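As a plain string of letters, each chain reads:
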Amino acid sequence: ALEGAGQATLDTAAAAAAWASMEPDRNRRLAERSVADTGLGNVEDKFRKNYRKTLGLLRDLHGKRTCGVISRDPGRGIVEIARAVGVVAAITPSTNPAATPVNKIINALKCGNAVIVAPSPKGHSSCALLIEFIHQQFERAGIDPALVQMLPEPVSKLASAELMRAADLVVATGSQANVRMAYASGTPAFGVGAGNVASIVERSADLAEAARKIALSKTFDNATSCSSENSIVIEDAVYDAMMEQLLRCKGVLLDATQKARLQAAMWHDGKLSERCTAKSAEQIAQAAGLDELAGQEAKFLMVEESGFGPEHPFSGEKLAPVLAVYRASDFADAARIVRSIYAYMGAGHSVGLHTANTDYAIELGERLPVARVIVNQAHCIATGGSFDN
């Protein structure tokens, strides 16, 4: 029924789902439920994220035709027609149990599809509340609530795998295991897995502004975003000055002994510990026994790093306000370091660059295995659907 209902109905369905999560009181409840259920991130940033990402998506979709004839090219003799895929399986992570599902739902509805969400077990209650809100708005708009569903509790890998096999399209966000399962399902799939973003600070950059943006991105929602910087690579010529600016932004640089204690707390048998994932810098310091940091009001922790790979876990994704800092001799060396980081984890995602010479951005785009080069911006906000990007 939705597939053949026409553009106005598709637009209404997408808008109803968006308003279900964006209305301030509902948004607040979703943010509070997300943090209470998962223990990840913080309420105020979840509130901002739910609003900003959804508004940015609505801006991108506004006025776009998604059914019937959407374009004609008489010169080439081509008519482009859009039609629904069918049922979309939306695989969503615990780090964003409201923002990620609603954006997948909006996209599916805008194109005339039904959608079934497979939330992470931790995020099930948050997703259920979101869908309850969506169904309320659908009732007002005269839209069948069965178009948006979710897997019942308990959500298992077996149930998620069967959903992916039976659906017409899979859109998966989360762990590498989930993304691989999506691609192995035999159903057409779009997957987005581990991030591990690095940002380069080139010698011509406005260091104070670069530090402010990196700190904002690194601390937003306790670094739950796959687009949060995990490493920064600073040119030697401005290394000390940039570190001073990061310290002014409430970053704390750990010494070698403190780094070892932090590593022991953050990883167990090579896997990230839940004790530190998406927690505040203060909570992480406590978990690592860094009692000497008490009272410093640290917003994020920094460790100097020079290696890459499993033997150097700080070179990987941390999902926490912890930043690995590399020193590069020049810009070419900085690009080499980022390439080495991404050879371990993060290839195919994006890279940040702080510079006054935007020609360097083209160079990174041509040489690094990334989909985007984000120039002079707070990285996780720029790539996370920011309305003002």
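Before reading on, note that the structure itself is shown above.
Procedures and definitions
Residues numbered from 1 in each chain as written. Predicted model: local features only at pLDDT ≥ 70, side-chain atom pairs only at ≥ 80, totals over all residues. Heavy atoms only, no water. Pairing = 2+ DSSP bridges. Helix = DSSP H or I, 4+ residues; strand = E, 2+ residues; numbered from the N terminus. Axes fitted to C-alpha atoms, helices over the stretch in contact; angles between N-to-C directions. Patch = residues over 30% accessible without salt bridge, like charges linked within 9 Å, V, L, I, M, F, W, Y side chains within 5 Å. Areas by Shrake-Rupley, 256 points an atom, 1.4 Å probe, with all protein chains shown as cover. Salt bridge = Lys/Arg side-chain N within 4 Å of Asp/Glu carboxyl O. Contact = heavy atoms within 4.5 Å. Left-handed = near helix turned anticlockwise from the far one by under 90°. Nonpolar A, V, L, I, M, F, W, Y, C, P; charged D, E, K, R; others polar. Buried < 20%, exposed > 50% of the residue type's maximum accessible area, 1.4 Å probe, protein only. Lys, Arg positive; Asp, Glu negative; His and termini not counted. Polar contact = N/O pair within 3.5 Å; in protein donor to acceptor, adjacent residues only side chain to side chain.

Some details on the sheet that holds strand E6 (residues 169–173)
Pairing is parallel across the open sheet formed by 5 strands, whose spatial order is E5-E4-E3-E6-E7. This sheet does not close on itself; its edge strands, each paired only once, are strand E5 (148–150) and strand E7 (189–192). Neighbouring strand axes in the sheet, compared pairwise and without regard to direction, differ in orientation by 15° on average.

A few points about a nonpolar patch on the surface
Taken together, the side chains of Val69, Val79 and Ile81 define a hydrophobic patch exposed on the protein surface, amounting to about 250 Å² of accessible area. Within the secondary structure layout, valine 69 lies in strand E1 (residues 68–73).

A closer look at the sheet that holds strand E16 (residues 372–375)
In space, the 7 strands of this open sheet follow the order E10-E13-E14-E9-E8-E15-E16, with parallel pairing throughout. Edge positions in the open sheet fall to strand E10 (251–253) and E16, since each of these has one partner strand only. Taken pair by pair, the neighbouring strands of this sheet meet at an average axis angle of 25°, ignoring direction. Strand direction decides the pairing type here: strand E15 (residues 350–354) and E16, joined by 4 bridges, are parallel. Residue pairing across strands places valine 351 opposite valine 373, the latter belonging to E16. Helix H12 (residues 331–344) rests against strand E8 (197–201), strand E9 (229–235), strand E14 (322–328) and E15 of the sheet, and its axis sits at about 175° to E8.

Thoughts on the packing of H12 against helix H13 (residues 359–367)
The geometry of H12 relative to H13 is characterised by a closest axis approach of 11 Å and an angle of 35° between their N-to-C directions. With respect to the hand of their crossing, H12 and H13 are arranged in right-handed fashion. Residues Phe331, Ala335 and Arg339 of H12 form the contact with H13, whose participating residues are Tyr360, Glu363, Leu364 and Arg367. Of the residues belonging to the contact of H12 with H13, the class tally is 4 nonpolar, no polar and 3 charged.

Regarding unusual backbone geometry
In this model, glutamate 153 is joined to proline 154 through a cis peptide bond whose omega is -10°. Looking at the element boundaries, proline 154 is found in the loop between E5 and helix H6 (157–166). For asparagine 196, which is not glycine, the phi torsion reads 80° and is therefore positive. Along the chain, asparagine 196 falls in the loop between E7 and E8. Asparagine 196 gets classed as buried once you look at its relative accessible area, which sits at 1%. Positive phi, close to 55°, is recorded for aspartate 221, a residue that is not glycine. On the secondary structure map, aspartate 221 appears in the loop between helix H8 (207–219) and E9.

Here we look at the side chain of lysine 218
One can find lysine 218 in helix H8. Nearest to the buried, unbridged lysine 218 among oppositely charged side chains is glutamate 229, at 6.5 Å. Within the structure, lysine 218 has its side chain in polar contact with the backbone oxygen of alanine 320 (distance 3.0 Å). A polar atom in the side chain of lysine 218 sits 3.2 Å from the backbone oxygen of valine 322. Contacts of lysine 218, omitting those with residues within four sequence positions, involve Ala223, Ser228, Glu229, Asn230, Phe300, Ala320, Pro321, Val322 and Leu323.

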